[in-house]
Amino acid sequence: MCQIVPRVVTNFFVLQSTASTFLDGGYPACHAAMSSALWSQEKPSGGFREDWRFYMVIKECIVEKPSQKTLRILRGSLGQACQERNSLGRTLTPCKGKKSLRILDQTNVVLSLDERDVLELDENLAELLFPITNCEERYALLCNKSRLDRVRDIDCGSKVRVQLRSGDEPLPGVVRFKGSLLPDRALSGIWFGVELLDNPIGDWNGVFDGKLLCNFASLEHTRLVPVCDVMPEYSIQDQRLQKHSFAPRGNNNTDKSSSGQSKPKSK
């Protein structure tokens, strides 16, 4: 078996944190470990912006800094393009073959990665993958093209199956909401509000951050879930594939602890 050796990165710096802590009823608690600076950005208007480009890390990197704990950048981590600056705040000239990224799964970390170790994502795909907080699970979905194509077609009214916990039988439901929880902000993720049929185990009333996003949601039946938890309902001829459709749940303790739970909290 071929062993993948993590790449060692030495040139990086940590941004000074200026963001406030996420609160219940405010921004999604599942992104408490991600860059809160991203949540405060408004979507750019007008022409192309270099910093409005998103990437996925496709090879684990190890960041070393003297006298501090080694930092692992997990495969499947998301990054946003940014300009690297020195300790005086002056912009540094990008190194050839490198990408300067703000790692969204880590707290205020910016580093320069080899271009071979990252894959650029279009904005729509980045929005879809962002709510998945397990990096390996996120990477697995990106690599599973057939499943990714199917879940990208899910829309309001689609019949789906929802996998709430690993090992549980997927539950039937209907998508009542698909979209961003903070549409006027930067990358906030595409979420799915699913009405669970005949299963009164909901947790979302259609309201987020004080705004009504879905008229059809009810605390009794509606769950707000990321794309990794949903799959289109199968036709009869596809039933034989059902057991293999959901990607295996990642059990990387480091990843889970760094990113929190897989759903937001609302008022």
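So, how was this worked out
Residues numbered from 1 in each chain as written. Predicted model: local features only at pLDDT ≥ 70, side-chain atom pairs only at ≥ 80, totals over all residues. Heavy atoms only, no water. Buried < 20%, exposed > 50% of the residue type's maximum accessible area, 1.4 Å probe, protein only. Helix = DSSP H or I, 4+ residues; strand = E, 2+ residues; numbered from the N terminus. Arc of directions from axis to C-beta. Contact = heavy atoms within 4.5 Å. Polar contact = N/O pair within 3.5 Å; in protein donor to acceptor, adjacent residues only side chain to side chain. pLDDT = per-residue confidence, 0-100. Pairing = 2+ DSSP bridges. Axes fitted to C-alpha atoms, helices over the stretch in contact; angles between N-to-C directions.

Asker: I would appreciate a short explanation of helix α4 (residues 145-152) in the present structure.
Answerer: At 3.6 residues per turn, the α-helix brings residues three or four places apart onto the same side. Of all the positions in α4, only R147, L148 and V151 are classed as buried. Taken around the axis of α4, the buried residues stretch over an arc of 100 degrees, which confines them to a single face. When the buried face of α4 is taken as reference, the exposed residues oriented beyond 90 degrees from it are K145 and S146. Buried residues in α4 make contact with α2 (123-129), α3 (135-143) and β16 (230-232).

Asker: What should I look at first to understand the environment of E60 in this one?
Answerer: With respect to the secondary-structure elements, E60 resides in the loop between β3 (54-57) and β4 (61-63). C-alpha separation for the pair E60 and V118, spaced 58 residues apart in sequence, amounts to 9.9 Å. In this structure the side chain of E60 is engaged in a polar contact, spanning 3.1 Å, whose partner is the side chain of R72.

Asker: Would you explain the confidence of the model for the chain in this entry?
Answerer: Interpretation of this model should avoid reading the predicted coordinates in detail wherever pLDDT is low. When pLDDT is averaged along the chain, the result is 75, and 64% of the positions lie at 70 or above. Within the model, pLDDT remains below 50 along residues 1-5, and this stretch shows three contacts once partners closer than five positions in the same chain are excluded. Scored below 50 in pLDDT, residues 251-262 makes 25 contacts in the model with residues more than four places away or belonging to other chains.

Asker: Any chance you could explain the sheet that holds strand β12 (residues 190-196) here in plain terms?
Answerer: Paired through their backbone hydrogen bonds, the strands of a sheet run either parallel or antiparallel. Taken together, the five strands give an open sheet; going across it, the order is β15-β12-β11-β10-β16, and neighbouring strands pair in antiparallel fashion. The open sheet is flanked by β15 (222-225) and β16, the only strands paired with a single partner. Here the average twist between neighbouring strands, direction ignored, is 45 degrees. Set on the sheet, α4 makes contact with β11 (171-180) and β16; between it and β16 the angle comes to about 85 degrees.

Asker: Is there a simple way to explain α3 in this structure?
Answerer: Along α3, the residues that are buried comprise C135, E137, R138, Y139, L141 and L142. In this structure N134 caps α3, since a side-chain oxygen of it lies 3.1 Å from the backbone nitrogen of E136.

Asker: Could you clarify how one ought to interpret the pairing of strand β8 (residues 109-114) in this entry?
Answerer: Regular strands place their side chains on alternate faces of the sheet. The buried count for β8 comes to six of six residues, which makes it a mostly enclosed element. Judged from the six bridges that link them, strand β7 (residues 98-103) and β8 form a sheet pairing that is antiparallel. What sits directly across from I103, in β8, is V109. Where β7 folds back onto β8 in an antiparallel hairpin, the turn is made up of five residues, including N108, whose phi is positive at roughly 55 degrees.

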